[in-house]
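Report on the structure
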Amino acid sequence: MLYPQRNKNRHFVDLSGFWDFRFDPDDKGVGENWTKGFNNGCPIAVPASWNDQFADDRDFLGPAWYQLKFMMPREWDKKKIMIRFGSVNYLSDVRLNGEVVGHHEGGHLPFEYEISDKIVSEDNLLVVRVDGRLSDNHVPPRGRPMNNPQTNFDFYPFCGIHRPVLLYAIPNEGLRDITVRPSIKDTTGILDVTLETVGLNDAYVNLSLKGFGSEITNTSKIELNIQKMTLEVKQAKFWNPETPNLYDLIVEIVKADTIIDSYSLKVGIRTIEVKGDKLLLNGKPIYLTGFGRHEDFPITGRGYVPAVIIKDYSLMNWIGANSFRTSHYPYSEQMMELADRLGFLVIDEIPAVGLTLRKDVIERQQELCDQFIEVLIKRDKNHPSVIMWSLANEPHNSLKSGEFFRKLYDKTKDLDNTRPVTVVNMMGVKEKAFEFCEVLCINRYYGWYLQPGNIDEACELLSKEMDNLYEKHRKPIILSEFGADTIPGWHSQPPEMFSEEYQTEFIKKYIDVCRSKPYVIGEHVWNMCDFKTSQGITRMGSTNYKGVFTRDRRPKMAAHLLRKLWKEKN
Ligand code: GCB
């Protein structure tokens, strides 16, 4: 899946801005033909969640309608024209000039439609109906009424158009996809490149790799729609967190001496593999320091905000984090691009959080998880920063869960056998998916939900459990979540739950346990920042306060401790 690009052959227009918007609490929009355009809309910012943009209706989850008028750039006349949504939560129905364009299910991942035969040169009307209501059949699913909104997961179910909507034009014949697989032999980097093209006769491809003062090129006649080529880079500059070296891979499709399509992709040469109880990057063991996070910010909700992305990377750098997990759903394309550029290691997770795996919904959950992992791998396969796929966070246990994850794991490996796969778990030794996943990720809250207020007892339990798990599977373990809710500015001696002192001691002692075990390969604190969630008796102000930064990104006491521990480690 190629992200839209601007060059001599490709163009895009970003439709971000103020759109027209209307809630539809009686679900009458379809019956009243809002599909062809609606009246009495109010302005709304796109991209952003709708929930916190208005004074009222925060918890209204849908349906709601968006519309926008736009013109097609004149020079796009004979091109293939697409519309691409970066992420819409949760269901969406897209119409252009009154005609159905498509229906999509699932937030946090892109989808796109060809609209060449529907778009007109002037006065196009794009109408999108979005429905974010929770359901047992959705992934992630609805939960029990302990929460309001009734989520089966611990983050606010923000709704709306969350990432940019791009209108783009590409040649009718040309390049459709690039897959790059790096490997290393001594000081040589090898890039196996697969190109997918459509409709090309008598065409050639020029493949070149530029960077660090050198340029390597390779030309070949296009024989099939899938074309495989290899580039060898002597004395290659490898990609790693300290020196995130990126090359430019440039693909040009040439027909009758004219370049009819081209694309430029940043690539990093690195390998990632599990050996024994270690995770090796370019053949050397790595230790992950960092966070489970959320895409969450006041007012914009789960919407894409470039400045927040920059700030978060800057804070992760300041604190000495080298990695994060995209808990509990894929993050924006821009976040991933910057991970490559700034040298962060990413555990890339599909939105399979709180899966119930109940008999009546398990089939649908399997279909959706299959769809999500397929699109995620298509989207993120070329990022050197992505070191692992995560198939779920804390699925419920069921008779069928082993089979469920086995199928999903096999599908993932078919799509990409170059990266380890994990399932993030709360079941401990009983987790069936740990039998085949290469890395074991566990979330633990002894000293918080269990053994409240008793960090020493918590750490003993943690230590024993990790040993048992390792004994059983002999695989590397990441402590993928641990943390304590902390009200900024709340202090106590002796340290009590919710105080800054308690969070600091909790994190310190958990990290001591991790570092005493040679098979533990990473410590990810939950969470980088406080974040919005549903209302419930454990969440004051519908906020999860386990952040080491506040929701507006100010450090708590624990952030300074982590900075010391992580700067020493990395
Ligand atoms: C977990 C979940 C995470 C929650 C966290 C908590 O295990 O994976 O989504 O936010 O616990 O704070 O309870």
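Values in this document were obtained by computation on a predicted structure and should not be read as measured data.

Turning our eyes to something else, we now look at the overall build of the protein. Scanning the protein from N- to C-terminus turns up seven helices and 32 strands. Considering only contacts in the protein between residues 6 or more positions apart, those separated by 24 or more positions represent 71%. Computing the positive centroid from 73 side-chain charges and the negative centroid from 78, the protein places the two 2 Å apart.

Attention now goes to the environment of Arg270. Structurally, Arg270 is set in the loop between strand E19 (258-267) and strand E20 (272-275). A sequence separation of 31 residues divides Arg270 from Trp239, and the C-alpha atoms of the two residues are 5.4 Å apart. When neighbours within four sequence positions are excluded, Arg270 is seen to be in contact with Pro182, Ile184, Trp239, Leu281, Asn282, His383, Pro384, Val386 and Arg419. Reaching out from Arg270, the side chain makes a polar contact with the backbone oxygen of Pro384 at a distance of 2.7 Å. Within the structure, Arg270 has its side chain in polar contact with the backbone oxygen of Val386 (distance 2.9 Å).

Spatially, E16-E15-E18-E19 is the arrangement adopted by the four strands of the open sheet, whose pairing is antiparallel. Where the open sheet ends on each side, the last strands, each with one partner, are strand E16 (214-221) and E19. Neighbour-to-neighbour, the strand axes of this sheet turn through a mean angle of 15°, independent of strand direction.

Helix H7 (residues 557-569) packs onto helix H6 (residues 500-515) with a crossing angle of 25° between their chain directions and a minimal axis gap of 8 Å. Considering the angle they form, H6 stands roughly parallel to H7. Considering how the two elements wind past one another, H6 and H7 form a crossing that is right-handed. Listed contacts from H7 to Glu500, Glu501, Gln503, Thr504, Ile507, Lys508, Ile511 and Arg515 of H6 are Met557, Ala558, Leu561, Leu562, Leu565, Trp566 and Lys569. Considered class by class, the residues forming the contact of H6 with H7 number eight nonpolar, two polar and five charged.

Right, let's talk about H6 for a bit. In an α-helix, one turn spans 3.6 residues; hence positions three or four apart end up facing the same way. When the terminal C-alpha atoms of H6 are compared, their 23 Å separation across 16 residues agrees well with the 22 Å that a helix rising 1.5 Å per residue should span. When we look at burial in H6, the residues that qualify are Glu500, Glu501, Tyr502, Gln503, Thr504, Phe506, Ile507, Tyr510, Ile511, Val513 and Cys514. At its buried positions, H6 is contacted by helix H5 (455-473), strand E29 (477-481), strand E30 (520-526) and H7.

Quick look at the domain arrangement of the protein now. In terms of domain boundaries, the protein breaks down into domain 1 (11-170), domain 2 (174-267) and domain 3 (272-569). Here the C-alpha centre of domain 3 lies 30 Å away from the C-alpha centre of domain 1. Opposite the 37 residues of domain 1 that make contact, domain 3 presents 43 residues. Together, the buried faces of domain 1 and domain 3 total about 3100 Å²; carbon and sulfur atoms form 55% of this surface. The largest per-residue losses of area from domain 1 upon contact with domain 3 belong to Leu109, Val139 and Phe155, which jointly make up 21% of the total buried on that side. Scanning the region where domain 1 abuts domain 3 turns up five salt bridges. Applying the counting rule to domain 1 against domain 3 returns 20 residue pairs in polar contact (both at pLDDT 80 or more). Taken together, the residues of the side of domain 1 that touches domain 3 sort by class into 16 nonpolar, 13 polar and eight charged.

The environment of the ligand is made up of 13 residues, and the closest members are Asp154, His328, Glu394, Tyr449 and Lys546. Contact between the ligand and Asp154: an oxygen atom at 2.6 Å from a side-chain N or O atom of the residue. Taking Asn393, its side chain carries an N or O atom lying 2.9 Å from an oxygen atom of the ligand. Alone, the ligand offers 320 Å² of accessible surface; in the complex the protein occludes 91% of this. Its residues placed into classes, the shell around the ligand shows four nonpolar, four polar and five charged.

We now examine the state of the cysteines. The full count for this structure, using the stated rule, is zero disulfides. Take Cys42: it sits in no disulfide, and the sulfur closest to it among the cysteines is that of Cys159, at 15 Å. Accessibility expressed as a relative area gives 30% for Cys42, which makes it partly exposed.

Okay, the pairing of strand E9 (residues 111-114) next. The side-chain alternation of E9 yields one buried face, formed by Phe111 and Tyr113, and one unburied face, formed by Glu112 and Glu114. With four bridges connecting them, strand E5 (residues 80-85) and E9 associate as antiparallel partners. Bridge pairing links Met82 to Glu114 in E9.

Next up on the list: the side chain of Asn245. Mapped onto the secondary structure, Asn245 falls in the loop between strand E17 (226-233) and strand E18 (247-255). A polar atom in the side chain of Asn245 sits 2.8 Å from the backbone oxygen of Phe238.

Of all ten residues in helix H2 (residues 333-342), seven are buried; the element is thus mostly enclosed. Of all the positions in H2, only Glu333, Gln334, Met335, Met336, Leu338, Ala339 and Asp340 are classed as buried. Considering only its buried residues, H2 is in contact with E5, helix H1 (306-319), strand E24 (323-325), strand E25 (345-349), helix H3 (362-380) and strand E26 (386-393). The positive-phi residue at the C-terminal boundary of H2 is Gly343, with phi of around 80°.

Calculation notes
Residues numbered from 1 in each chain as written. Predicted model: local features only at pLDDT ≥ 70, side-chain atom pairs only at ≥ 80, totals over all residues. Heavy atoms only, no water. Helix = DSSP H or I, 4+ residues; strand = E, 2+ residues; numbered from the N terminus. Contact = heavy atoms within 4.5 Å. Lys, Arg positive; Asp, Glu negative; His and termini not counted. Charge placed at Lys NZ, Arg CZ, Asp CG, Glu CD. Polar contact = N/O pair within 3.5 Å; in protein donor to acceptor, adjacent residues only side chain to side chain. Pairing = 2+ DSSP bridges. Axes fitted to C-alpha atoms, helices over the stretch in contact; angles between N-to-C directions. Parallel < 35°, antiparallel > 145°, perpendicular 65-115°, else oblique. Left-handed = near helix turned anticlockwise from the far one by under 90°. Nonpolar A, V, L, I, M, F, W, Y, C, P; charged D, E, K, R; others polar. Expected span 1.5 Å × (residues − 1). Buried < 20%, exposed > 50% of the residue type's maximum accessible area, 1.4 Å probe, protein only. Domains from an automatic or database assignment. Buried area = accessible area lost by both parts, 1.4 Å probe. Salt bridge = Lys/Arg side-chain N within 4 Å of Asp/Glu carboxyl O. Near = heavy atom within 4 Å. Areas by Shrake-Rupley, 256 points an atom, 1.4 Å probe, with all protein chains shown as cover. Disulfide = S-S within 2.5 Å.

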